[in-house]
Amino acid sequence: MNEQRIRWDDLQIVWAIADTGTLSGAGRRLGISHATVFRRLTDMEERLGVALFERSRTGYSPSPAGEDLAAVANRVETDIVAAERRLAGKDLKLSGSIRVTTTDTLFTGLLAPIFSDFRSNYPEISLEVVISNQIHSLSKREADIAIRPTRNPPETLIGRRVGDIALAVYGQRVKWQTERRPLSITDLSEQPWVGPDVHMGDTTLEKWMSEGGRAAQCHYRVDTMHGMQVAARGGSGITVLPCYLGDADPQLVRLSEPVPALTTELWILTHPDLRHVTRIRRFMDEVGERLRQT
């Protein structure tokens, strides 16, 4: 009877294989080797007396029993993460760690000195900064706080709008320094453009680029704002950048007024279960205030 008991480690293995479809993918998810995943799956199936997956050249597909266990694992993981959040919410000390996710441009252009000052003021709080242009889940504790430009903050999170991010058109200074500025967007539309790649995920900027003939003049696309900045700095074309980034670059010059259609709200967000954690609340208050003053 005891040999057939299902352990949490068993559920993690089943869930990882079901979710990734391969042993190697499950191993990367769990931080163990391909061989270890195979050995633990084989041991589990022998112990339970049931096949949990169907093997094929394309990967591993869960059997009905495997689907059942994967669903159980998903529910258990959700309960565990929720319990962790509730326990973290009882933490009243100004110590511990805060995991913050933000974009590369926000970190280099605005947040790095603010974070440095926060660390100096609260040396017992460790900051873990996830610099990524991909959204990390605050519900699954991939991060505690998100600082992101967004026009639609998730309804499942709480926080505050700390300002607006203005965007304008920039070009290489040595090429444009003799031109009278600001220029109209219409005057600039026939220039070569550096634009956003679709993988950047900024649909508003993509739509704006498609208007007024700008997309037809865009033969150079990059999937990050930093990449677009470097390309424009090298003279590959004009581009749209956040003003806090473009204005601070001595090799670039602002060619237009900020574009109202591209203005984006800046939010600092956390999960509702963490709102009473002292270090989280202090970070959001102080960093949020600094951003409002920027």
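Report follows, based on the coordinates. (Residues numbered from 1 in each chain as written. Predicted model: local features only at pLDDT ≥ 70, side-chain atom pairs only at ≥ 80, totals over all residues. Heavy atoms only, no water.)

**Observations regarding the overall build of the protein**
Link 1 in the chain: On a plain count of helices and strands, the protein comes out with 11 helices and 12 strands.
Link 2 in the chain: For 294 residues, the compact-globule estimate of 2.2 N^0.38 gives 19 Å, and the protein exceeds it by more than 25% at 24 Å.
Link 3 in the chain: In terms of principal-axis extent, the alpha carbons of the protein reach across some 85 × 50 × 30 Å.
Link 4 in the chain: The proportion of buried residues among the 294 residues of the protein is 43%.
Link 5 in the chain: As displayed, the protein offers around 15,600 Å² of accessible surface, 49% of which is attributable to carbon and sulfur atoms. (Helix = DSSP H or I, 4+ residues; strand = E, 2+ residues; numbered from the N terminus. Rg over C-alpha atoms; globule rule 2.2 N^0.38 Å. Buried < 20%, exposed > 50% of the residue type's maximum accessible area, 1.4 Å probe, protein only. Areas by Shrake-Rupley, 256 points an atom, 1.4 Å probe, with all protein chains shown as cover.)

**A closer look at the sheet that holds strand S7 (residues 167-172)**
Link 1 in the chain: Taking strand neighbours across the sheet as the criterion, the three strands line up as S10-S7-S11 in an open arrangement whose pairing is antiparallel. Both outer strands of the open sheet, strand S10 (239-242) and strand S11 (252-254), are each paired with one neighbouring strand and no more. Neighbour-to-neighbour, the strand axes of the sheet open up by a mean angle of 50°, direction not taken into account.
Link 2 in the chain: In this sheet, S10 lies alongside S7 in antiparallel orientation, the contact comprising four bridges. (Pairing = 2+ DSSP bridges. Axes fitted to C-alpha atoms, helices over the stretch in contact; angles between N-to-C directions.)

**Re the environment of Gly25**
Link 1 in the chain: Note on placement: Gly25 falls in helix H2 (residues 23-30).
Link 2 in the chain: For the pair formed by Gly25 and Ala143, sequence separation is 118 residues and the distance between their alpha carbons is 22 Å.

**What about the nonpolar core?**
Grouped burial of nonpolar side chains is what soluble globular proteins tend to show.
Link 1 in the chain: Judged by nonpolar contacts, the single largest core of 54 residues is most densely connected at Ile147 and Phe283.
Link 2 in the chain: With six residues, the single largest contributor to this core is helix H5 (residues 104-121).
Link 3 in the chain: In this structure, Ile13, Ile17, Ala70 and Ala73 belong to the second largest nonpolar core, which totals 17 residues. (Core = buried A, V, L, I, M, F, W, Y, C linked by side-chain atoms within 4.5 Å.)

**Some words on the environment of Pro196**
Link 1 in the chain: Along the chain, Pro196 falls in strand S8 (residues 193-196).
Link 2 in the chain: A C-alpha to C-alpha distance of 7.2 Å links Pro196 and Thr224, two positions 28 residues apart in sequence.
Link 3 in the chain: Not counting chain neighbours up to four residues away, the residues in contact with Pro196 comprise Leu205, Glu206, Met209, Arg221, Val222 and Met228. (Contact = heavy atoms within 4.5 Å.)

**Structural notes on the pairing of strand S1 (residues 53-56)**
Link 1 in the chain: In this sheet, strand S2 (residues 59-62) lies alongside S1 in antiparallel orientation, the contact comprising four bridges. Across the sheet, the residue bridging to Arg55 is Tyr60, located in S2.
Link 2 in the chain: Linking two consecutive strands that pair antiparallel, namely S1 and S2, is a turn of two residues.

**Thoughts on H5**
Link 1 in the chain: Here H5 is 18 residues long and its end C-alpha atoms lie 24 Å apart, about the 26 Å a rise of 1.5 Å per residue gives.
Link 2 in the chain: Along H5, the helix axis deviates most sharply at Leu111, where the bend reaches about 65°; the proline Pro113 sits within four residues downstream.
Link 3 in the chain: Along H5, the positions that sit buried rather than exposed are Asp104, Thr105, Leu106, Leu110, Leu111, Ile114, Phe115 and Phe118. (Expected span 1.5 Å × (residues − 1). Bend = angle between axes of the 7 residues up to and from the residue.)

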